[in-house]
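Descriptive analysis of the structure
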Amino acid sequence: MERKQGIKPNDLYELKTVADPQLSPNGEELVYIETHIDKETDDYISNLFYMHLDEKKPLQWTFSQGKTSSPVWSPDGNQIAFVSSRDGQSQIYIISKHGGEARQVTFSKNGATNPVWSPCGKKLAFSTKIGQDETIHDRPDKEKKEKSMKPLIVDKMKYKSDSGGFLDVELITQIAVVDLEQNEVEQLTNKTYHCHLEAWSPDGKYISYIADVAEDTDFSFVNDVFLLELETKQSQNLTAGRGSFSQTSWSPNSRYLAYVGSEREYENATQAKLWLYDVEKETKVCLTEALDAPVGDFIVGDFLQGVVSPRVQWLNDSQSFYFQITDHGNTLIYFGNVSGEMYPALNDDEHVYGFSLNSRNDTALACISSPADPGDLYYVHLQTGKKERLTTVNKEFLATRELSCPEMMEFEGKDGWKVQGWIMKPVHFQEGKKYPTILEIHGGPHAMYGNTYFHEFQTLAEEGYVVIYVNPRGSHGYGQEFVNAVRGDYGGGDYEDLMAAIDFSLRSFEYIDQERLGVTGGSYGGFMTNWIVGHTDRFKAAVTQRSICNWISFYGVSDIGYYFTEWQILSDLEDIEKLWKHSPLKYVKHVKTPLLILHSEQDYRCPIEQGEQLFIALKKNGKETRFIRFPESNHELSRSGKTDFRIKRLEYIRDWFEKYLSPTKSPIQG
């Protein structure tokens, strides 16, 4: 019998993502978004799918060659609003569950997103960007005109972003509403700052939104929660500049508004918490103060598309709700109530990357992934934990592949702290053999590896490598002290945690060949890869991706450099010595490990000059290195970049390790 092969880089073209499930108001029907990659256009295609829970047969409802997102049921359950880029620009459409073509309901000049139904179902609120000389009634130009090049005039420090490029400061995000019967549009906010639409209260009185009202936003990292009273058009600031908050959610009786965020006690290392505002008493309280885990999903991966973080979701009693928690390698669903009771409802070793609650009976739709399963949609009973699989989008393809299932490990890091990680054996593992091993390091650093599918790891396991991935200090999921511990200590305790992972693995798993160790990572993981090769020669090959090598120049060239550096290194340009101390470039003369540098030309988060400096310094000192630059790509290359580049990237990593580690794979025999 012929053995199955493992996952190959170009299998990205075969795999599909299921995301953003939405249960109908009657609890009997659902819609979700399915995404695949079109091989001919090399683009991501997403469409709306429907299913009745009695029949459990997926039906494709839209067939656009663009991107479809943000599906939301009308209050009566007869229509679904969604966002589509089918005509080249994101606009909002409505489709009836009884059939027929989707109807476009917004025609905003700069596009429309984030549809929110009014409780009566006769109106839709939405977000749109409006320029200084534009109105809400302006429509897109029918004829596409080439934009003439002009100088960029910069007055603000926040003038670019990795995902958005150079920002058009004249466009301000505002909230509008369209009357679906009269086809009339009204602008609800007209501010000089961005207003991000959130939720409409069930009693119809308020719309919640998020905004930063600071005059100097260069040094403001606030996101306040506002209530817009629709009758008077007056806004009330609920959080008064005390932190960064979002994801508001109304209780069914409109008395409570839940929201997620923090007061940034530890800057961006602060764990997100769940807060509750009582509209009647005009009081607010943090409900998860005693829960030492972040609210939300902080698992990192490289495969899922179209994932939307679910808000707190309420039961009909207006006292109880469910929400996401990230904890020890998993993203879970927790139960809570207004009295402060909290406990895990869905608590398996898995990644719950989306859910939609039936508010009447503690059941939900949940999108779930695990290391050997890219993800599917389940119907779950939150009181019993029972699950029923509703989709099998990758079943036929995965039946032809063999995936590696990781083994969880826990070891002692620096200061006696427990560190969690995983080890994956090669596909077609054979007892008695020794295998080359690669240490993977995640970005962030405030993120978390966990029990989810990771395409890169599976491709390396197929090539005959052991893969080790761990969560050193700085990672989410292990408490506030742990996640904050990396700040001001880059290359210190985090480095020791990673070396402890290798030491533990060599003691515990005899199939690891200690003479053939490799290391790779991206962003913070790229920084740490650079740091490692400058401080030890135990690795025989390394690949650094979208990395930082010089904190001094990073301070001024990254879209987040001037504040991220201060938050993470606890220093600025007044203390060049400290920035240089934590810069891998300082230690380039000590590098003995062959280092491949992968970087994107349009990466504004870790700009390509970081890779350029590293490459030139290595070459100047006679080190073995190669520099590969990806055109028209940014910091997100490995996750959502051009598919052919994503595949080439995996092949470059594979070939570099093949050259220096030479894995001996067992032949696939017939």
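Residues numbered from 1 in each chain as written. Predicted model: local features only at pLDDT ≥ 70, side-chain atom pairs only at ≥ 80, totals over all residues. Heavy atoms only, no water.

For a regular strand, side-chain orientation follows a simple rule: the groups alternate between the two sheet faces. Pairing between strand β25 (residues 330-337) and strand β26 (residues 342-346): four bridges, direction antiparallel. Note that in β26 the partner of Y334 across the bridge is P344. (Pairing = 2+ DSSP bridges. Helix = DSSP H or I, 4+ residues; strand = E, 2+ residues; numbered from the N terminus.)

This part covers the packing of aromatic side chains. Tallied over the full model, the rule gives 50 aromatic pairs. Ring pairs connect the aromatic residues Y490, Y524, F527, W531, W551, F554, F564 and Y587, which therefore count as one cluster. (Phe/Tyr/Trp six-rings, centres within 6.5 Å; stacked < 30°, edge-to-face > 60°.)

Mean pLDDT over the protein stands at 96; residues scoring 70 or higher make up 98%. The low-confidence segment residues 665-670 (pLDDT under 50) makes 16 contacts with residues lying over four places distant or belonging to another chain. (pLDDT = per-residue confidence, 0-100. Contact = heavy atoms within 4.5 Å.)

The next point concerns the pattern of salt bridges. Within this structure, the stated rule accounts for 32 salt bridges. The shortest N-O distance in the salt bridge between D373 and R389 comes to 2.7 Å. One end of the pair, D373, is in strand β29 (residues 373-381); the other, R389, is in strand β30 (residues 387-389), and 16 residues separate them in sequence. Given the relative accessible area of 12%, D373 is considered buried. Classification of R389 by relative accessible area gives partly exposed; the value is 40%. By sharing partners, the salt bridges in this structure join K8, E462 and E463 into a single network. (Salt bridge = Lys/Arg side-chain N within 4 Å of Asp/Glu carboxyl O. Buried < 20%, exposed > 50% of the residue type's maximum accessible area, 1.4 Å probe, protein only.)

Attention shifts here to unusual backbone geometry. P445 follows G444 through a cis peptide bond whose omega is 5°. With respect to the secondary-structure elements, P445 resides in the loop between β33 (435-441) and α2 (455-462). Positive phi, normally seen in glycine, also occurs at A240, with a value near 50°. Mapped onto the elements, A240 comes out in the loop between β18 (234-237) and β19 (244-250). Of note, the phi angle at S523 is positive, near 65°, even though the residue is not glycine.

It is worth spelling out the side chain of S220 at this point. Relative to the elements of secondary structure, S220 occurs in the loop between β16 (206-211) and β17 (224-229). The class of S220 is buried, set by a relative accessible area of 10%. Leave out the neighbours within four places in its chain, and S220 touches K158, D212 and A214.

Where α2 meets helix α11 (residues 643-661), the axes come as close as 11 Å, and the angle between the chain directions of the two elements is 40°. With respect to each other, α2 and α11 are oriented oblique. Of the two possible hands of crossing, α2 and α11 adopt the one that is right-handed. On α11, the residues touching H455, E456, T459 and L460 of α2 are R649, L650 and I653. Counted by class, the contact of α2 with α11 contains three nonpolar, two polar and two charged residues. (Axes fitted to C-alpha atoms, helices over the stretch in contact; angles between N-to-C directions. Parallel < 35°, antiparallel > 145°, perpendicular 65-115°, else oblique. Left-handed = near helix turned anticlockwise from the far one by under 90°. Nonpolar A, V, L, I, M, F, W, Y, C, P; charged D, E, K, R; others polar.)

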